[in-house]
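Residues per chain are reported as follows:
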Amino acid sequence: MASASRNQAHDIGYYEQHSDPEHNQSNPAYGDEDEEDEEEEEDEDDFVQRPRPDTPPPPPTHSSNALKRKATEPQQQYGSRQPPQTSFSSSLPSSSANGGQGSSEPAAKKLRPDALEPSILAAEPLDEFVLEIADWVHRVAQGKTNIEVEAKVGTLIDTRSNERVNLPVLNETILAPEYPDIRFSSDMTVGQHAMYNKSLNSLVERTGDPNYPNARIRYEHFRLVDTFYNMPAASGGGKVRVTRDEKTGQVKECVQKVRIADLNVYSPKRKMDWRVSVSVETPAKLPPDSLPPTNTRRKDRVSYSHQAFKIDLTQVTTSPDPAHAQLSHELEIEFADPNELMRCARVRTRGSSGATWSGKEGEAFDELIRVFVNNIRIMVRNAG
């Protein structure tokens, strides 16, 4: 980290500025609460072919010890698209169907949880939630350039009551894009924002330990000013955002951002919901000095980076005019290298019979989306 950042005072005083890891005064640990998936019970007759009553059960075709997997056996990785080669059919061996009656083989006792295979196919079933998001991002972003994919923490608001939505579901749910009367607010309370700041700072400190075995989390602190312009038709029209360093005035970015699509996720057991957005950010020319800005936005941002992802924690001051400044607090997660994400998307192809992959390289897109979803879930579950 830059020494300049270490020497600056970044106390939030409450909540004038962000706190940097070096000035983090408390280290609240992230919670480790996990949602329990509710599994639907299937009728046994759908899977088991029972023997005729007048037919004695055949001898067992496998030992109950086959349920125990040797520790040295390789196990299929999470999210693998193709199960191992198998002669799996719609019915089980009749000895199993008969509950082991007539078998001299004793029932398996005290099977260790660490010896359990992930399924009867020894492969982890695909997470349909993650797959739905991966398919949606792939479909929406396909064929486009300068893509930005991000997820924001916030609240889904019912526009009729102006209250948080209340849907008849028990756990995290993806809403259909056409679901009506919904708007997303990316704001959060000052207390929630401060909690995220302190918790992320503590992770920076913990992962900075030389003995830490996993990937480090790094951070950068920015103070930026965005100005927005409605470009004249002679210059191509559209809305342009110019981002400058607040202290030096140096132009950091000049883009025309166009939102392509949003996907809302309702989390009834949590205090916050979240939204995935796909946008196109096209580099643009600087507007002429004679063109006045339509809006100004100041951003005090701490950006935390971990492998392929960035977590931006931002205090935003929006000023349509100096007399009506508005303060908001936001958290978003985005891909550090969207070009790499889209390269992986091109390898992942979908046909009429479903998705096809080219080995591990073809699975990279879905794995990136899976970790992306994991990160936003951790943020939502720790919203206080």
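Residues numbered from 1 in each chain as written. Predicted model: local features only at pLDDT ≥ 70, side-chain atom pairs only at ≥ 80, totals over all residues. Heavy atoms only, no water.

Novice: Whenever I open this one, the overall build of the protein confuses me. Can you help?
Specialist: Scanning the protein from N- to C-terminus turns up six helices and 13 strands. A separation of at least 24 residues holds for 69% of the contacts in the protein among residues at least 6 apart in sequence. As displayed, the protein has an accessible area near 22,900 Å², and 48% of this comes from carbon and sulfur atoms. (Helix = DSSP H or I, 4+ residues; strand = E, 2+ residues; numbered from the N terminus. Contact = heavy atoms within 4.5 Å. Areas by Shrake-Rupley, 256 points an atom, 1.4 Å probe, with all protein chains shown as cover.)

Novice: What should I look at first to understand the packing of aromatic side chains in this one?
Specialist: For any pair of aromatic rings, the description rests on two quantities: the centre-to-centre distance and the angle between the ring planes. Here the structure, examined in full by the defined rule, presents three aromatic pairs. When the ring of F309 is compared with that of F335, the centres are 5.3 Å apart and the planes differ by 50 degrees; the resulting orientation is tilted. Remark: F335 occurs in strand β11 (residues 326-335) and F309 occurs in strand β10 (residues 309-319); sequence separation between them is 26 residues. By relative accessible area, F309 is classed as buried at 5%. The interplanar angle of 25 degrees and the centroid separation of 4.7 Å between the aromatic rings of F335 and F372 together place this pair among those described as stacked. Here the residue F335 occupies a position in strand β11, and F372 occupies one in helix α6 (residues 359-381), the gap between them amounting to 37 residues. Each member of the pair, F335 together with F372, is buried. Through a chain of ring-to-ring contacts, three or more aromatic side chains come together here, namely F309, F335 and F372. When the ring centre of F129 is taken as origin, the NZ or CZ atom of R377, which lies over that ring, is 4.6 Å away. (Phe/Tyr/Trp six-rings, centres within 6.5 Å; stacked < 30°, edge-to-face > 60°. Buried < 20%, exposed > 50% of the residue type's maximum accessible area, 1.4 Å probe, protein only. Lys NZ or Arg CZ within 6 Å of the ring centre and 35° of its normal.)

Novice: Explanation requested: the environment of M188 in the structure shown.
Specialist: The residue M188 is located in the loop between β4 (182-185) and α4 (190-207) in this model. Taking relative accessible area as the criterion, M188 reaches 6% and is therefore assigned buried. Residues in contact with M188, not counting those within four places in the same chain, are V153, H193, Y196, M272, H329, E330 and L331.

Novice: Would you mind showing me how to read the pattern of salt bridges here?
Specialist: Oppositely charged side chains are able to pair whenever their charged atoms sit close together. This structure, assessed with the given rule, holds 22 salt bridges. Notably, a salt bridge pairs D226 with R297, separated by 2.8 Å at the nearest N-O pair. Taken as a pair, D226 in strand β5 (residues 218-230) and R297 in strand β9 (residues 295-306) lie far apart in primary sequence, 71 residues in all. A relative accessible area of 0% means that D226 is categorised as buried. Residue D366 is joined to R348 by a salt bridge in which the shortest nitrogen-to-oxygen separation is 2.5 Å. Separated by 18 residues along the polypeptide, D366 in helix α6 and R348 in the loop between α5 (338-347) and β12 (349-351) bring together distant segments of the chain. R348 carries the same exposure label as D366, and that label is buried. Bridged by salt links that share partners, the residues E148, E150, R241, E253, K257 and E281 form one connected network. (Salt bridge = Lys/Arg side-chain N within 4 Å of Asp/Glu carboxyl O.)

Novice: Where do I start with the pairing of β11 in this structure?
Specialist: Two faces belong to every sheet, and in a regular strand the side chains alternate between them. Burial analysis of β11 places eight of its 10 residues in the buried class, the great majority of the element. Across three bridges, the pairing between strand β1 (residues 147-158) and β11 is antiparallel. For E150, the partnering residue across the bridge sits in β11 and is E334. Relative to β11, β10 runs antiparallel, the two sharing 10 bridges. The residue bridging F309 from the neighbouring strand is F335, located in β11. (Pairing = 2+ DSSP bridges.)

Novice: What am I meant to see in the pairing of strand β8 (residues 273-283) here?
Specialist: β8 sits mainly inside the fold: nine of its 11 residues count as buried. Pairing of β1 with β8 involves eight bridges; the strand directions are antiparallel. Each bridged residue has a counterpart across the sheet, and for G154 the counterpart in β8 is D273. The pairing of strand β7 (residues 251-266) with β8 spans 10 bridges and is antiparallel. Each bridged residue has a counterpart across the sheet, and for A261 the counterpart in β8 is V278. Connecting β7 to the next strand, β8, in antiparallel fashion are six residues.

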